[in-house]
Amino acid sequence: MISKLVVSCVSVGLREHGHNISFSPCAAQTVLYSVCQSHPFTECHLLDMVLLGLDETIQKLESLKTNVLLLSVPVSGYWHLGVKLCEWAHARNIPILVGGYHFNIEGSPIARIAAEKRKISVCYGDGKITAPAFISHVMDPARTPLSSIPNLYYWDGESARKTSSTPLVLGSTYPTLPLEIHDPRLYWDLLAKTPMHQSGMDMVDGSLVGRTLVGPEVLLGCTYRTSRLRAKKSACEYCTITSQFASVDGKKFWELMYQAFRYATSIPWTGAPAIRVYQTNDDMGSNRSFIKSVWENRPEWFLETMKTDVKLGQRVYAWHVMSDDQAKILADIGVRWIYMGVDGKEGFTPHPSARHPLIQTLENCRRHGLVLNLGFVLGLYGQTWDSIYDWLRFRHWLVQHYADVIAYINGWVHVVAPGSPDWDRLSLVEPHLVESDLGDDSYFLEKARAMFFGKCTQLCSSGMTADRVRSRLYDLALEFEFERNKQSRIPHSFMLEP
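All values reported here derive from a predicted model rather than from experimental measurement.

*Asks:* Where do I start with empty space enclosed by the protein in this structure?
*Replies:* Where empty space is left in the structure can be found by rolling a water-sized probe over the atoms. The full count for this structure, using the stated rule, is two cavities of 30 Å³ or more. In this structure, the largest cavity spans a volume of roughly 80 Å³. Contributing to the lining of the largest cavity are 13 residues, with Ser24, Pro184, Thr212, Leu213 and Val214 lying nearest its centre. Listing elements by their share of the lining of the largest cavity, those giving two or more residues are α6 (185-188) and β9 (207-214). Element by element, the count of residues in the lining of the largest cavity is highest for β9, at three residues. Tallied by class, residues from the lining of the largest cavity come to eight nonpolar, five polar and no charged. Each pocket or cavity is described by its volume, and for the second largest cavity that value is around 60 Å³. What lines the second largest cavity is simply Ser76, Gly77, Trp79, His80, Leu438, Asp441, Ser442, Tyr443, Phe444, Leu445 and Leu496.

*Asks:* So what exactly am I meant to see when it comes to the environment of Gly341 here?
*Replies:* Here Gly341 lies in strand β14 (residues 335-341). For Gly341 and His401, which are 60 residues apart along the polypeptide, the C-alpha to C-alpha distance reads 18 Å. If we skip the residues at most four places from it in the chain, Gly341 touches Tyr238, Phe348 and Gly375.

*Asks:* I'm lost on the packing of helix α9 (residues 250-265) against helix α10 (residues 288-296) in this one. Help?
*Replies:* Relative placement of two packed helices is described by the angle separating their axes and the distance separating the axes. Contact geometry for α9 and α10: axes closest at 7 Å, N-to-C directions at 65°. Relative to α10, the crossing made by α9 is right-handed. Contacts between α9 and α10 involve Gly250, Phe253 and Trp254 from the first element and Phe290, Ser293 and Val294 from the second. Considered class by class, the residues forming the contact of α9 with α10 number four nonpolar, two polar and no charged.

*Asks:* How should I be thinking about the layout of surface pockets in this particular structure?
*Replies:* Of the pockets and cavities examined, the second largest pocket occupies roughly 330 Å³. If you go around the second largest pocket, you meet 15 residues; those closest to its centre are Leu46, Leu47, Asp48, Leu52 and Leu186. Going through the elements one at a time, β2 (43-48), α2 (49-63) and α6 are the ones with two or more residues in the lining of the second largest pocket. When residues of the lining of the second largest pocket are assigned to their parent elements, the largest contribution, four residues, is made by β2.

The rules behind the values
Residues numbered from 1 in each chain as written. Predicted model: local features only at pLDDT ≥ 70, side-chain atom pairs only at ≥ 80, totals over all residues. Heavy atoms only, no water. 1 Å grid on protein atoms, 1.4 Å probe; cavity = no way out; pocket = protein on both sides within 12 Å on 5 of 7 lines; lining within 4 Å. Points joined across faces, edges and corners; volume = space filled by probe spheres on them. Helix = DSSP H or I, 4+ residues; strand = E, 2+ residues; numbered from the N terminus. Nonpolar A, V, L, I, M, F, W, Y, C, P; charged D, E, K, R; others polar. Contact = heavy atoms within 4.5 Å. Axes fitted to C-alpha atoms, helices over the stretch in contact; angles between N-to-C directions. Left-handed = near helix turned anticlockwise from the far one by under 90°.

This is the structure:
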C-alpha cells in the first residue's frame, strides 16, 4: 500500500491552439481540487499543455517524480497528444486515468474503445467523483477496486468493463487550489495578448480588466439545442453538446460567484483591477428563466463591487438577445460581453434586415452597454462558395454599422467532431469513423474534415481537392477576422492547427 502519492493532472491541448490563454483549464482544475480535498496528504500538480507544449510537459512530469497521472482531454482534437502521455506513463508503470469532454459524448463508444486500445481507465462522466476514488484505488486496490468506482471504463486484463454511472452534480464548491498547485496569475499576465484585451473594449464600467476567472458549474446543456430536438430538428451543425439541460437557481449561482470573487481578490495583484468571469456554460445568456432567477437574487456584495474599481464583469454565451428586457437583465447581473455564433441557427441569414435576430440583438446590446464577440464557421454542411461570400459581405456590413458594439469577429474553419450533427452525417457515408477513439493519428480529424468537404459540402467543385478547399477556407477566414486596432495575420483555429 502506498502512503503518499505525487499526482499530476495535465490539461491536454495544442500549444497556442487550445483554450483561451487568459484563463486556466477549468475542468482539470475542478478535478484536481476534488482530489486535494479527498486526499489532503497527496502532492498535487496542475500542468497546462497549451502553455507548456508536449515536450516540456513530459519534462515537468519527470522532474516532479509523478507516480499517478490524470489527463483531462477537453476536446477530441487533443486526444492524440494524450496518447503520447499514456505511452510515457505506461513505460514507467504509472497508473493513468483519462477523462474530459472527449470521453463524455452521450452515445459515443469512444470511452470504451480508448479503455480497450490503451489498456487504461477512462472516466466517461463526472471526474470530480471518479478521480478521488481512482486515487484511493491506487493507494489500496483491495479496499477500492476499480469495479466500485463510478463513471469508469477500465481494463481488467481481458476486456473493458463499465461501472455504474453517477450524474454530474451542479453547484459544487468553487475550486480554489493553493497557489503552489495552481497560480492563475500565469494566465492574467497573458491577458494583454488576447483579441479581447486588444479591442479596447475590455472594460467593466470604466475599469480595465486585469484578472480572469472561469465561472462555476451552474448550467449544463443548451436551451436552443433542447428546443430544436423537441421540434424534431437537429442541433447546430458543428455543435458537440449532447448533455441534457440542467441548471441551479439564482441564489446558488451567487454563492459560488462569491467564492470565486473571494478567491481572486485573495491573490496578491498589482495589475488592472477589474475581473472578467468566463461563464463557459453553454447557453447562460439565452436561458431567460435562469438569468431572471440570477437577477432576482443579486446580493448586496455584488452591488457593492460595481461601485468600486474591483468590478466583476461576466462573459456569457447566447444564441441571441431578442428583447430589451433580456438585455437589461444581462447588464444588471454584470454581463458585459456576449459570444455568439453568427450562422447555423434558425433565422440567421447573411442578409441584414430589421427582423434579423442578430440585428435585433446588436440593437438591444447597444442600448444596454453589452459588447458582442462574433464567430463565423466556414465549411458547413451543404455550403457553397457563393454562400460563404454572402456571409463575408454580411460580416463587412456588420462592422460598417455596429463597430461600436462588436469587440472582435473570428472566422473558424469547420472541424467535424464527434457528437456533432455533421459527424453523424459523415458517419453515415464513412461508418468506420465510429470505430476509433481518434487517438492513433494526429491527422484523424483532418482526414475526417477532408471527407466531409468532399461528400457533405459543395466546396469541392470544378475538381478542387479537399486540401485546396482547406487552404482556401483558412485564407478566407482571415477576411472574416476583425480585431479592433489590429490587423489579423494568423488565422484562428480550434482543435486543429491552421
